[in-house]
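# Inside the fold
Okay, here's what each chain looks like letter by letter:
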Amino acid sequence: FDADIIPPSSILSKKRQATREMIEQLNQRYVLPDDYTPSYPATQQEQCILELLVRFKQIRQAAKCFDYIMKSEPSWGDPGEIARRSILVRKLSYSQRNEFNDVFNIVDVYHE
């Protein structure tokens with residue numbers, strides 16, 4: 001989802017941080033056990049590792065796509081193929097398009 005379309009009052013908009021009071025209210029509302037430990041990365045180092053793993057996944061996806069392209073031998077200038085690729089790209093969700101752009105930027109040798 002696009003964080004820009006979420007109202008700034010929501011924590012999902014990334015425009016505000018959860019306060020200790022908000023977390024306590026949620027803990028009381030959903031009755032989390034006192035010994036509950038979140039399963040998401042808690043430190044900066046763990047966050048960096050997660051980002052690196054995502055990047056490796058994207059690189060693997062790009063390699064698979066490249067292999068597929070080489071096997072299919074596309075005709076890059078063919079109007080029919082251009083139309084079919086355009087139709088497929090239009091069916092991608094916003095997050096899929098963003099991920100596609102991220103992967104493209106990883107493998108694009110001319111990207112700065």
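Residues numbered from 1 in each chain as written. Predicted model: local features only at pLDDT ≥ 70, side-chain atom pairs only at ≥ 80, totals over all residues. Heavy atoms only, no water.

### Quick look at a nonpolar patch on the surface
Judged by side-chain polarity, Ile-49, Leu-52, Leu-53, Phe-56 and Ile-59 come together as a nonpolar surface patch covering roughly 460 Å² of accessible area. Along the chain, the position of Leu-52 falls in helix H2 (residues 44-72). The exposure class of Leu-52 is partly exposed, given its relative accessible area of 45%. (Patch = residues over 30% accessible without salt bridge, like charges linked within 9 Å, V, L, I, M, F, W, Y side chains within 5 Å. Areas by Shrake-Rupley, 256 points an atom, 1.4 Å probe, with all protein chains shown as cover. Salt bridge = Lys/Arg side-chain N within 4 Å of Asp/Glu carboxyl O. Helix = DSSP H or I, 4+ residues; strand = E, 2+ residues; numbered from the N terminus. Buried < 20%, exposed > 50% of the residue type's maximum accessible area, 1.4 Å probe, protein only.)

### Topic: the side chain of Glu-81
Looking at where Glu-81 falls in the secondary structure, it is placed in helix H3 (residues 79-90). In this structure the side chain of Glu-81 is engaged in a polar contact, spanning 3.1 Å, whose partner is the backbone nitrogen of Ser-75. The contacts of Glu-81, once residues within four sequence positions are left out, are Pro-74 and Ser-75. (Polar contact = N/O pair within 3.5 Å; in protein donor to acceptor, adjacent residues only side chain to side chain. Contact = heavy atoms within 4.5 Å.)

### Thoughts on unusual backbone geometry
The phi dihedral of Glu-73 falls on the positive side, at around 45°, and the residue is not glycine. Within the fold, Glu-73 resides in the loop between H2 and H3.

### Some remarks on the packing of H2 against helix H4 (residues 94-107)
Contact geometry of H2 with H4 gives a least axis separation of 9 Å together with a crossing angle of 80°. By the angle class used here, H2 and H4 are roughly perpendicular. Two secondary-structure elements touch here, H2 through Arg-55, Lys-57, Gln-58, Ile-59, Gln-61 and Ala-62 and H4 through Glu-99, Asp-102, Val-103, Ile-106 and Val-107. Of the residues in the contact of H2 with H4, the class split is 5 nonpolar, 2 polar and 4 charged. (Axes fitted to C-alpha atoms, helices over the stretch in contact; angles between N-to-C directions. Parallel < 35°, antiparallel > 145°, perpendicular 65-115°, else oblique. Nonpolar A, V, L, I, M, F, W, Y, C, P; charged D, E, K, R; others polar.)

### Remarks on the side chain of Gln-58
Position of Gln-58 among the secondary structure elements: in helix H2. In this structure Gln-58 comes out as buried when scored by relative accessible area, which is 9%. Setting aside anything within four residues of it in sequence, one finds Gln-58 in contact with Glu-99, Asp-102, Val-103 and Ile-106.

### A few points about the confidence of the model for the chain
The predicted model of the chain averages 79 in pLDDT, with 88% of residues at 70 or higher. The spread of mean pLDDT over the elements of the chain runs between helix H1 (residues 20-30), the lowest at 80, and H3, the highest at 88. (pLDDT = per-residue confidence, 0-100.)

### A look at the environment of Arg-97
Of note, Arg-97 is situated in helix H4. A residue is classified by how much of its surface remains accessible, and Arg-97, at 36% relative accessible area, is partly exposed. Apart from the residues within four sequence positions on either side, Arg-97 is in contact with Val-89, Arg-90 and Leu-92.

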